[in-house]
Amino acid sequence: MRRGIRSRAEETRAYWAMILPAFILYMLVLAFPIILSIVLSLSNYNGGQLFGGAQHWKITGFQQYERLVNDPQFWLALKNNIYIVIASIFGQLPLGFIFAYLIYRRIVKFGDFWQGVIYMPAIISTIVLGIMWSVIFSPTGLIADVLNKAYANSFSQSLAQIFHQAGGFTVNDDIVKKILGVSDPKALTVFANPAADLKTMLLTYQPGQLTVMSSDLTNLLARKWTPDFLAKQDLAMLPIMFVVVWCWTGMYLILFLANMQKIDPQLLEAARIDGAGEGQVMGWIVLPLLSGVIVNSAILCIAGSLNSFALIWAMTQGGPARVTELLSIYMYTNAFVGAPNFPLANAIAMSIVIFSVVLIVATKLVEKRYGGKE
Amino acid sequence: MPFKAGEPPAIRRRRLPRIRPGRLVVYLLLSLFALSAIAAFAWVFMISLKTTPEFLSTSPWALPQKLRFANFALAWKKARIGSYFVNSIMASSVGASVSIIVSALAAYVIARVRFRLNALLGNFFLVGYMIPLMLTVIPLYFLLAGIANANPPLSALMIGWGPLLGLYVASGVPFNTFVLRGFFESLPSEMEEAAAIDGATPFRTFWQIMLPLVTSGIVSTFLVNFLSLWNEFFLALIFLKKENATLPLGLFYMAQRAEYTAQWTDLFAAVLITTVPVLVVFALLQKQVYRGMTQGALKG
């Protein structure tokens, strides 16, 4: 036995030395800054050296928080964040659960393929996804193209109908009025005086040029998809919510699937033999068995939603006119853009912490009230 | 065992599968997800082969007139995606490996050594998993920037790659200690006892005996770390300048520029250069990626 050669104290010292690097890093980067953030949010610090030198900042109390609750932009950012939380909890989790169940029970074929494809966005840079979707939603993107073709189609059909009813190419006030009726009001602004100008324009075509005229008019007057709604409060969040669900459903799919695979299959077989449908097995056996995982996922979801930055930053940068700003973007702009307000930025950071604690506690309470079927 | 759970017997017995509306909806929903992902990337690939005038004048659905790979070369050299690529490889691999080494050391002690503070330390690290790094970065940045302002010679150390790598390493510590602790806890204790009897130091026991036993766990954890650092944006945005950006940051600046110059085609080429390596790694090591992800996400 050579064990006695090393003393107990020596061993303990070695173990501490092994923990120390992680501990120091953790303290420096995570624990200490949180405390510093609380202190700064209560101060009037405005740039410059934090410690040492001439102390030029002091604790001034809750005035930043006061400013925060009086800023309508804060409430808008909070509301937008709630939208993201809602999309995550009521989009990602149920979809992820259903997909996981379908693959787990082999209700759909090619489970591995679906799992891979649905999970794929979760491993791709959110900046890439943000850039991609913002181009797809843009006026030159895919969606605009599909919609504009549809609008143009229906417009040229109405044109054909109008001239068919008139019995060929004729120009009169009635026809002009009908064409104006099917045109996009926004497109008509190219004319100073729509009725008269359109008539003059129509008169420049020869009777045989019906198709040329029709395509010219379609280009000029058919409705075009302009994503105006992207500039409106609330509505502007819709594409972002869609992308958020699309991105991270796969994450919860693999989480739920991994946990479903731990369930004893005989339990489900027995239920099936007793005549339970797949829906019943899912709702009454698998769902309660996974309730703990679901609650933890909900917490992950909340924490993730409150910290989402890159995706929205790449898609809209909080714009247009700050209507898609989230708390994280609001914080970033206050800390680093234009004339920075450091204590305010820290107050926003703290409000995010408070908000996430509230939501997580609420989730735990819901679990206590309605869960516990295990 | 994946997918060992039995097939619904009812389906086996049926000779002629009826098309059920429920099943149809299910496939439709799955296809919607899958198609949007595949179509989006196919589209990006198509655009990356077009010239800018071609992209602006033709329908976004039109196939490129001919396969033009010049955009990739252009993005790699002129838009500096090549140097961003190298930066990203460096940052992700250094960040992930150092973080795993540091965490493995701590995780091993927390998992295997019986002493008074084990549980407390374990939970202490776990709390960090819930602290969003984004919030701690703001005060940290002010602190570092303040020091840099007061001592100009130190400024290179305070802002830029140094603190960024430190943050990358630290940001993985809570997740990694948690996951690796689980792996170490599952090992039998005989090996350690034998090593102790042979007089190996704690560090040697860890490095030569215990660590090799959890290699597969380390690989999964490394993958998760690497992928998340490869995609990391917020910290890079704060600490790095445009000239020595990582890929996500470089892409972001490139996209901003594209809004004014309409250089969409090489932006899309750059998007592919960023994404394809990740997709290849994912395709090859899918199981390990899933394993790493699900191990870390708190057990139910």
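Remember, it's a predicted structure, so these values are computed and weren't measured experimentally.

Cut-off values and rules
Residues numbered from 1 in each chain as written. Chains lettered and ligands numbered in written order. Predicted model: local features only at pLDDT ≥ 70, side-chain atom pairs only at ≥ 80, totals over all residues. Heavy atoms only, no water. Helix = DSSP H or I, 4+ residues; strand = E, 2+ residues; numbered from the N terminus. Rg over C-alpha atoms; globule rule 2.2 N^0.38 Å. Buried < 20%, exposed > 50% of the residue type's maximum accessible area, 1.4 Å probe, protein only. Contact = heavy atoms within 4.5 Å. Lys, Arg positive; Asp, Glu negative; His and termini not counted. Charge placed at Lys NZ, Arg CZ, Asp CG, Glu CD. pLDDT = per-residue confidence, 0-100. Buried area = accessible area lost by both parts, 1.4 Å probe. Salt bridge = Lys/Arg side-chain N within 4 Å of Asp/Glu carboxyl O. Polar contact = N/O pair within 3.5 Å; in protein donor to acceptor, adjacent residues only side chain to side chain. Nonpolar A, V, L, I, M, F, W, Y, C, P; charged D, E, K, R; others polar. Domains from an automatic or database assignment. Phe/Tyr/Trp six-rings, centres within 6.5 Å; stacked < 30°, edge-to-face > 60°. Lys NZ or Arg CZ within 6 Å of the ring centre and 35° of its normal. Core = buried A, V, L, I, M, F, W, Y, C linked by side-chain atoms within 4.5 Å. Patch = residues over 30% accessible without salt bridge, like charges linked within 9 Å, V, L, I, M, F, W, Y side chains within 5 Å. Areas by Shrake-Rupley, 256 points an atom, 1.4 Å probe, with all protein chains shown as cover. 1 Å grid on protein atoms, 1.4 Å probe; cavity = no way out; pocket = protein on both sides within 12 Å on 5 of 7 lines; lining within 4 Å. Points joined across faces, edges and corners; volume = space filled by probe spheres on them.

**Here's the deal with the overall build of chain B**
Turning to step 1, where the next piece is worked out: For chain B, the helix and strand inventory stands at 16 helices and 0 strands.
Turning to step 2, where the next piece is worked out: The C-alpha atoms of chain B give a radius of gyration of 25 Å, which is well past the 19 Å a tight globule of 300 residues would have.
Turning to step 3, where the next piece is worked out: On the principal axes, the C-alpha backbone points of chain B span a range of 75 × 75 × 30 Å.
Turning to step 4, where the next piece is worked out: Across the 300 residues in chain B, those meeting the buried criterion constitute 52%.

**Some remarks on the overall build of chain A**
Turning to step 1, where the next piece is worked out: The helix and strand tally for chain A stands at 16 helices and 0 strands.
Turning to step 2, where the next piece is worked out: Taking the principal axes of the C-alpha coordinates as reference, chain A spans close to 110 × 75 × 45 Å.
Turning to step 3, where the next piece is worked out: Considering chain A as a whole, with its 374 residues, one finds that 52% of them fall into the buried category.
Turning to step 4, where the next piece is worked out: A separation threshold of at least 6 residues defines the contact pool for chain A, and within that pool the share at least 24 residues apart is 69%.
Turning to step 5, where the next piece is worked out: Taking the average location of the 26 positive side-chain charges in chain A and that of its 20 negative ones, the two points are 7 Å from each other.

**A look at the confidence of the model for chain B**
Residues and elements named next belong to chain B.
Turning to step 1, where the next piece is worked out: With 92% of its residues at a pLDDT of at least 70, chain B reaches an overall mean of 83.
Turning to step 2, where the next piece is worked out: Averaged over each element, pLDDT in chain B is lowest for helix H1 (residues 9-13) (49) and highest for helix H5 (residues 81-112) (93).
Turning to step 3, where the next piece is worked out: Residue range residues 1-7 is modelled with pLDDT below 50. Its contacts to residues more than four positions away, or to other chains, number 15 contacts.

**What about the interface of chain B and chain A?**
Turning to step 1, where the next piece is worked out: Each partner contributes residues to the interface: chain B has 99 residues there, and chain A has 98 residues.
Turning to step 2, where the next piece is worked out: Both sides of the chain B and chain A interface together cover about 9,100 Å² of buried area, and 79% of this is carbon and sulfur.
Turning to step 3, where the next piece is worked out: There are 0 salt bridges connecting chain B and chain A.
Turning to step 4, where the next piece is worked out: Summed over the shared surface of chain B and chain A, the result is 6 residue pairs in polar contact (both at pLDDT 80 or more).
Turning to step 5, where the next piece is worked out: Counting residues per element, the side of chain B that touches chain A draws most heavily on helix H2 (residues 21-48) of chain B, at 15 residues.
Turning to step 6, where the next piece is worked out: Among the residues forming the side of chain B that touches chain A, the class breakdown is 77 nonpolar, 17 polar and 5 charged.

**Overview of the domain arrangement of chain B**
Residues and elements named next belong to chain B.
Turning to step 1, where the next piece is worked out: Here chain B is partitioned into domain 1 (19-72) and domain 2 (78-296).
Turning to step 2, where the next piece is worked out: For domain 1 and domain 2, the distance between their C-alpha centres works out to 33 Å.
Turning to step 3, where the next piece is worked out: At the junction of the two partners, domain 1 supplies 13 residues and domain 2 supplies 11 residues.
Turning to step 4, where the next piece is worked out: Around 1,000 Å² of area is buried between domain 1 and domain 2 when both sides are counted, 82% of it from carbon and sulfur atoms.
Turning to step 5, where the next piece is worked out: Summed over the shared surface of domain 1 and domain 2, the number is 0 salt bridges.
Turning to step 6, where the next piece is worked out: On inspection of domain 1 and its partner domain 2, the count reaches 1 residue pair in polar contact (both at pLDDT 80 or more).
Turning to step 7, where the next piece is worked out: Elements with a contribution of two residues or more to the side of domain 1 that touches domain 2: H2, helix H3 (52-57) and helix H4 (70-77).
Turning to step 8, where the next piece is worked out: Looking at the side of domain 1 that touches domain 2 element by element, the count peaks at 6 residues for H2.

**Quick word on the packing of aromatic side chains**
Turning to step 1, where the next piece is worked out: With the rule as written, the count across this model stands at 44 aromatic pairs over all chains.
Turning to step 2, where the next piece is worked out: Arranged with centres 6.3 Å apart and planes meeting at 55 degrees, the rings of B:Phe124 and B:Phe125 form a pair that is tilted.
Turning to step 3, where the next piece is worked out: Members of the aromatic cluster, each reached through a chain of ring pairs, are A:Phe309, A:Trp313, A:Tyr332, A:Phe336, A:Phe342, B:Tyr141, B:Phe142, B:Phe233, B:Phe234, B:Phe239, B:Phe252 and B:Tyr253.
Turning to step 4, where the next piece is worked out: The side chain of B:Lys242 reaches across the aromatic face of B:Tyr253, ending 5.0 Å from its centre.

**Side note on the nonpolar core**
Turning to step 1, where the next piece is worked out: Judged by nonpolar contacts, the single largest core of 203 residues is most densely connected at B:Ile81 and B:Phe184.
Turning to step 2, where the next piece is worked out: Filtering out sequence-adjacent residues up to four positions away, B:Ile81 remains in contact with B:Ala75, B:Trp76, B:Leu247, B:Leu251, B:Met254, B:Ala270 and B:Ile273.

**Describing unusual backbone geometry**
Turning to step 1, where the next piece is worked out: Backbone geometry at A:Arg106 places phi at a positive 55 degrees, although glycine is not the residue there.
Turning to step 2, where the next piece is worked out: The topology assignment puts A:Arg106 in the loop between helix H3 (72-104) and helix H4 (111-123).
Turning to step 3, where the next piece is worked out: Unusually for a residue other than glycine, B:Arg80 sits at a positive phi of about 65 degrees.
Turning to step 4, where the next piece is worked out: Here B:Arg80 lies in the loop between H4 and H5.
Turning to step 5, where the next piece is worked out: B:Arg80 sits in the partly exposed class, given a relative accessible area of 38%.

**Comments concerning the pattern of salt bridges**
Where charged atoms from two side chains of opposite charge approach closely, those side chains can pair.
Residues and elements named next belong to chain A.
Turning to step 1, where the next piece is worked out: The full count for this structure, using the stated rule, is 9 salt bridges over all chains.
Turning to step 2, where the next piece is worked out: Close ionic contact of Lys79 with Asp234 constitutes a salt bridge, the shortest N to O distance being 3.2 Å. Of this pair, Lys79 sits in helix H3 while Asp234 sits in the loop between helix H9 (210-221) and helix H10 (237-260), and the two are 155 residues apart along the sequence.
Turning to step 3, where the next piece is worked out: In this structure, Asp173 and Lys199 form a salt bridge, with 2.9 Å as the shortest nitrogen-oxygen distance. One end of the pair, Asp173, is in helix H7 (residues 173-182); the other, Lys199, is in helix H8 (residues 194-203), and 26 residues separate them in sequence.
Turning to step 4, where the next piece is worked out: Each of the salt bridges in this network shares a partner with another, and the network as a whole consists of Arg105, Glu269, Arg272 and Glu278.

**Focus on a nonpolar patch on the surface**
Turning to step 1, where the next piece is worked out: Taken together, the side chains of A:Trp16, B:Leu117 and B:Leu120 present a nonpolar region at the surface, about 290 Å² in accessible area.
Turning to step 2, where the next piece is worked out: For B:Leu120, the location among the structural elements is in helix H6 (residues 118-130).
Turning to step 3, where the next piece is worked out: By relative accessible area, B:Leu120 is classed as exposed at 59%.

**A look at empty space enclosed by the protein**
Residue and element names in this part refer to chain B.
Turning to step 1, where the next piece is worked out: Applying the stated rule across the entire model yields 3 cavities of 30 Å³ or more.
Turning to step 2, where the next piece is worked out: What the second largest cavity holds in volume is close to 40 Å³.
Turning to step 3, where the next piece is worked out: If you go around the second largest cavity, the residues you meet are Ala107, Ile110, Gly122, Phe125, Leu126, Pro174, Thr177, Phe178 and Arg181.
Turning to step 4, where the next piece is worked out: Looking at the lining of the second largest cavity, the elements that each hand over two or more residues are H5, H6 and helix H9 (161-185).
Turning to step 5, where the next piece is worked out: Looking at the lining of the second largest cavity residue by residue, the class counts come to 6 nonpolar, 2 polar and 1 charged.

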